[in-house]
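This is what each chain is made of:
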Amino acid sequence: MQFSVYQQSHIGGRKVNQDRMGYSYTREALLLVLADGMGGHQRGEVAASIALQTMSALFRSQAVPYVKKPERFLEEAFLQAHHEIQRYAGEHGLPDNPRTTIVACLVQHNCAVWAHCGDSRLYWLRRGQILARTRDHSHIEHLITKGLADPSERNSHPDRNKLYSCLGASTPPKVELSRQASLEPGDVLLLCSDGLWGILPDTEIVHQLSTHTIVQAVPDMIGMATAIAGSRGDNTTALAIQWQGAGDAAAPGDDSMVSTMLLPEGEVTTRLAEEPAAAPHGADPAADDFGDEDIEKAIAEIRDAIEKSSQLLK
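Predicted model, so just to flag it, every value in this text is computed and none were measured.

As a further point, take unusual backbone geometry. Between Val-64 and Pro-65 the backbone carries a cis peptide bond, its omega angle lying at -5°. Locating Pro-65 in the fold gives a position in the loop between helix 1 (44-62) and helix 2 (70-91). The phi dihedral of Asn-110 falls on the positive side, at around 65°, and the residue is not glycine. Judged by relative accessible area, which is 27%, Asn-110 ranks as partly exposed. Although it is not a glycine, Arg-127 sits at a positive phi angle of roughly 50°. With respect to the secondary-structure elements, Arg-127 resides in the loop between strand 6 (121-126) and strand 7 (129-133). Taking the relative accessible area as the measure of exposure, Arg-127 reaches 71% and is therefore exposed.

Rendered as structure tokens:
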């Protein structure tokens, strides 16, 4: 099993980074997880951390060396994480349960299957096209599906932050599972929080991932989103892999053991971990809502600056 992986998180304009991301792998299976702790509830970062820790532990116990029933694994792991968050709240006497959105993907035997709760997203791209994208469990997505709102309102509608599913709430989460997706070499899987997709349109995400390696695209997208959002920006997190195929060579790490990386912040290539990026110079303290023209203009300016920097480094 061969793949390239890169992940990065930026605190944005928040006091705490409540996003969590990580991946675990064996010789024949790879688990990707991203959780976005919900800021409207106490200790969202704890809920996100519990979700990742729970899924990692279950993966270590079931991936021997691959997971026998991937869809069932994802659903049961989400429910287990949900119960662990509730248990934490009870043990600590919290008046309100910590909550988190989550998206996870399991890759094995050249196939991927994913699940999500809330508005943390997964994109599956091939040769510059989106083959699949998760649909947010949000009120605005419900309105769009019913024809009561336009897709352009996803970033500005007053009810865009109302979610129908998450981990940790008093009601069980709605776990939405994908069908098995057959991967080809060069395919890209991107997991990201709403701090990224809420600022960058899908067209820009596709452009970055189809014209650059993930090692370039992920930090560029994080930089764009945080610069546009400015001092009021949300935590922004992305985890991406480029699939190279199932072969005799294993992913980096000890072939006989599960290797796990769960980082609250920072970026990871195969074996390299670095500190998260500092706030971008000249970040604009803009309002929470951005018009399409403003976003497109800002993206063009940032892309131009990135390209000029790249030329200077050559």
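Let us keep going from here.
Moving on to the nonpolar core. In this structure, Met-55, Phe-78 and Ile-102 are the most contacted members of the largest nonpolar core, which totals 31 residues. Sorting the residues of this core by element identifies strand 3 (29-37), helix 1, helix 2, strand 4 (100-108) and strand 5 (111-117) as the ones contributing at least two each.

Before going further, it helps to examine the pattern of salt bridges. Evaluated as defined, the whole model comprises 11 salt bridges. For Arg-72, the salt bridge goes to Glu-76, with nearest N and O atoms at 2.9 Å. With a gap of 4 residues between them, Arg-72 and Glu-76 both fall in helix 2, about one helical turn apart. On the accessibility criterion, Arg-72 (49% relative accessible area) is partly exposed. The partner of Glu-184 in a salt bridge is Arg-127, and the shortest N-O contact between them spans 3.6 Å. Taken together, the positions of Glu-184 in the loop between strand 9 (181-182) and strand 10 (188-192) and Arg-127 in the loop between strand 6 and strand 7 put the pair 57 residues apart, joining distant regions of the chain. For Glu-184, a relative accessible area of 32% corresponds to the partly exposed category. What you see here is one network of salt bridges that share partners, running through Arg-121, Arg-133, Asp-136 and Asp-202.

Conventions adopted
- Residues numbered from 1 in each chain as written.
- Predicted model: local features only at pLDDT ≥ 70, side-chain atom pairs only at ≥ 80, totals over all residues.
- Heavy atoms only, no water.
- Helix = DSSP H or I, 4+ residues; strand = E, 2+ residues; numbered from the N terminus.
- Buried < 20%, exposed > 50% of the residue type's maximum accessible area, 1.4 Å probe, protein only.
- Core = buried A, V, L, I, M, F, W, Y, C linked by side-chain atoms within 4.5 Å.
- Salt bridge = Lys/Arg side-chain N within 4 Å of Asp/Glu carboxyl O.

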